[in-house]
Amino acid sequence: MFVDLLLIAAGLVILVVGGEFLVRGAVALALRLGIAPLVVGLTVVAFGTSAPEMIVSLSAALRGATDLAMGNVVGSNIANVLVILGISALIAPIGTRAHDLRESWWMMVAASVLLIALALIGPLGPGQGVLLLAAMGLTLWRQLSTAGAGDADLPTGVAPWRNVLIWLAAGLVALPIGAHLLVTGATDIARDLGVSEAVIGLTLVAIGTSLPEMAASVMAALRGRSDLALGNVVGSNIFNILSILGITAIIKPLPIPEQMMRLDLWVMLGAALIMWPFLFRGITIGRATGAAMVAAYAAYVWVLL
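This write-up is about the structure you can find in this document. (Residues numbered from 1 in each chain as written. Predicted model: local features only at pLDDT ≥ 70, side-chain atom pairs only at ≥ 80, totals over all residues. Heavy atoms only, no water.)

1. What to know about the overall build of the protein
Then, number 1: Along the backbone of the protein there are 13 helices and zero strands.
Then, number 2: Counting from the amino terminus, helix and strand elements in the protein follow one another as α-α-α-α-α-α-α-α-α-α-α-α-α.
Then, number 3: Looking at the protein residue by residue over its 305 residues, the buried ones come to 54%.
Then, number 4: Accessible area for the protein stands at about 12,800 Å²; split by element, carbon and sulfur atoms hold 70% of it. (Helix = DSSP H or I, 4+ residues; strand = E, 2+ residues; numbered from the N terminus. Buried < 20%, exposed > 50% of the residue type's maximum accessible area, 1.4 Å probe, protein only. Areas by Shrake-Rupley, 256 points an atom, 1.4 Å probe, with all protein chains shown as cover.)

2. Points about the packing of aromatic side chains
Then, number 1: Counted by the stated rule, this structure contains five aromatic pairs.
Then, number 2: The interplanar angle of 70° and the centroid separation of 4.8 Å between the aromatic rings of W105 and W106 together place this pair among those described as edge-to-face.
Then, number 3: Ring geometry for W105 and F280: centres 5.2 Å apart, planes at 70°, overall edge-to-face. With W105 in helix α5 (residues 102-121) and F280 in helix α12 (residues 276-281), the pair connects residues that are 175 residues apart, well separated along the chain.
Then, number 4: Given a relative accessible area of 21%, F280 falls into the partly exposed group. (Phe/Tyr/Trp six-rings, centres within 6.5 Å; stacked < 30°, edge-to-face > 60°.)

3. Side note on the side chain of T139
Then, number 1: Here T139 shows up in helix α6 (residues 126-146).
Then, number 2: What T139 contacts, discounting residues up to four positions off in sequence, is M107, I238 and L242. (Contact = heavy atoms within 4.5 Å.)

4. Considering the nonpolar core
Then, number 1: By size, the foremost hydrophobic cluster in this structure holds 85 residues, and its most contacted members are L124, L265 and M275.
Then, number 2: Sorting elements by how many residues they give to this core places helix α4 (residues 66-91) first, with 13 residues.
Then, number 3: Residues in contact with L124, not counting those within four places in the same chain, are M70, L115, L118, L245, A249, P253, L254 and I256. (Core = buried A, V, L, I, M, F, W, Y, C linked by side-chain atoms within 4.5 Å.)

5. Digging into helix α1 (residues 2-32)
Then, number 1: Taking 1.5 Å per residue, 31 residues should reach 45 Å; α1 reaches 45 Å between its end C-alpha atoms and fits that length.
Then, number 2: Just beyond α1, the residue with positive phi is G34, at close to 80°. (Expected span 1.5 Å × (residues − 1).)

6. Remarks on the pattern of salt bridges
Then, number 1: Scanning all chains against the criterion turns up two salt bridges.
Then, number 2: Salt-bridge contacts for R142 lead to E103; the nearest nitrogen and oxygen are separated by 2.4 Å. Taken as a pair, R142 in helix α6 and E103 in helix α5 lie far apart in primary sequence, 39 residues in all.
Then, number 3: For R142, a relative accessible area of 33% translates into the label partly exposed. (Salt bridge = Lys/Arg side-chain N within 4 Å of Asp/Glu carboxyl O.)

7. Focus on the packing of helix α8 (residues 197-209) against helix α13 (residues 287-304)
Then, number 1: The contact between α8 and α13 brings their axes to 10 Å, and the two run at 135°. Relative to α13, the element α8 lies oblique. The residues of α13 that touch α8, namely those facing L202, T203 and I207, are Y297, Y300, V301 and L304.
Then, number 2: Across the contact of α8 with α13, the residue classes tally to six nonpolar, one polar and no charged. (Axes fitted to C-alpha atoms, helices over the stretch in contact; angles between N-to-C directions. Parallel < 35°, antiparallel > 145°, perpendicular 65-115°, else oblique. Nonpolar A, V, L, I, M, F, W, Y, C, P; charged D, E, K, R; others polar.)

8. Description of a nonpolar patch on the surface
Then, number 1: A cluster of nonpolar side chains, namely L62, V130, I250 and I251, defines an oily patch on the protein surface of about 370 Å² accessible area.
Then, number 2: Along the polypeptide, V130 turns up in helix α6.
Then, number 3: You can call V130 partly exposed: its relative accessible area is 49%. (Patch = residues over 30% accessible without salt bridge, like charges linked within 9 Å, V, L, I, M, F, W, Y side chains within 5 Å.)

9. Side note on the environment of G25
Then, number 1: Summarising the element assignment, G25 is placed in helix α1.
Then, number 2: On the accessibility criterion, G25 (0% relative accessible area) is buried.
Then, number 3: As a C-alpha pair, G25 and A170 span 145 residues in sequence and 9.3 Å in three-dimensional space.
Then, number 4: Not counting chain neighbours up to four residues away, the residues in contact with G25 comprise V164, W167 and L168.

10. Remarks on the packing of α8 against helix α11 (residues 258-274)
When two helices pack together, their arrangement is given by the angle between the helix axes and by the axis-to-axis distance.
Then, number 1: Orientation of α8 relative to α11, taken along the N-to-C sense of each, is 30°, at an axis distance of 11 Å. Between α8 and α11, the angle is such that the two are roughly parallel. When the axes of α8 and α11 are compared, the crossing they make is right-handed. On α11, the residues touching A198, V199 and L202 of α8 are Q259, M260 and D264.
Then, number 2: A class-by-class count of the residues in the contact of α8 with α11 yields four nonpolar, one polar and one charged. (Left-handed = near helix turned anticlockwise from the far one by under 90°.)

11. Focus: the environment of V267
Then, number 1: You can see V267 is positioned in helix α11.
Then, number 2: Between the alpha carbons of V267 and G75 there is a distance of 9.3 Å; along the sequence they are 192 residues apart.
Then, number 3: For V267, the contacting residues outside a window of four places in its chain are I78 and Y300.

Laid out in structure tokens, this is it:
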């Protein structure tokens, strides 16, 4: 088991480093192409920080660990709201008076409801995967069509093309390596301890692959821009469901574990709904609320284990 723990630790470190390179390169590329900052935040940064979830879920599904692949996505969405927003609020209260995330929040809730509806019907296969990807396409079209264009002149300090390409290449190389190590170690531990792959995916792997989102949100809070954590969480949760599960289901059908139908999918939806009063009534997510969110996640993990 010690070797498996080392594999998990090494995989997480490589995933975080690879995710950082990929996000840095993606943002610099977006700025060079003149994409609006709002779109960069809701799409490029959110998608980039979700890259570890994408690679891990695909790797797990291809290895036959479909429960781990599903648990990774569902668990990451739960952790994004309760843990990442909770910790960010503990560092600095998150102001929510800006209304530009209301529509994106509805998209996140709709994606969660769509996943639950598809899960009630049966396993996620290629047909369901295409439907999820089509919904992702509509979401991207809506965000791009409602956002303003980027500045014609490049912002000061934009990285040169050579750096952009190096960052992107480093991220794309590191992520599959980290994912392979993490999935190998996690599945071996699950078998040794008799814990289901779904639970490992919902907890250990989900938290591990959410570290890039955690890093981005915490850094924003430390810089006095903790409100940016909202966009990161909402965008990542949309991408996790519609793109990651969509692509994975097309490549490898995903059965829905009974445990997720009873509890985890509903906890994911509940975590999304928790954000409603803050976004629609302008209530600040203060430190007490942040502590309650983290405590709620700890209680959820206790129930799982």
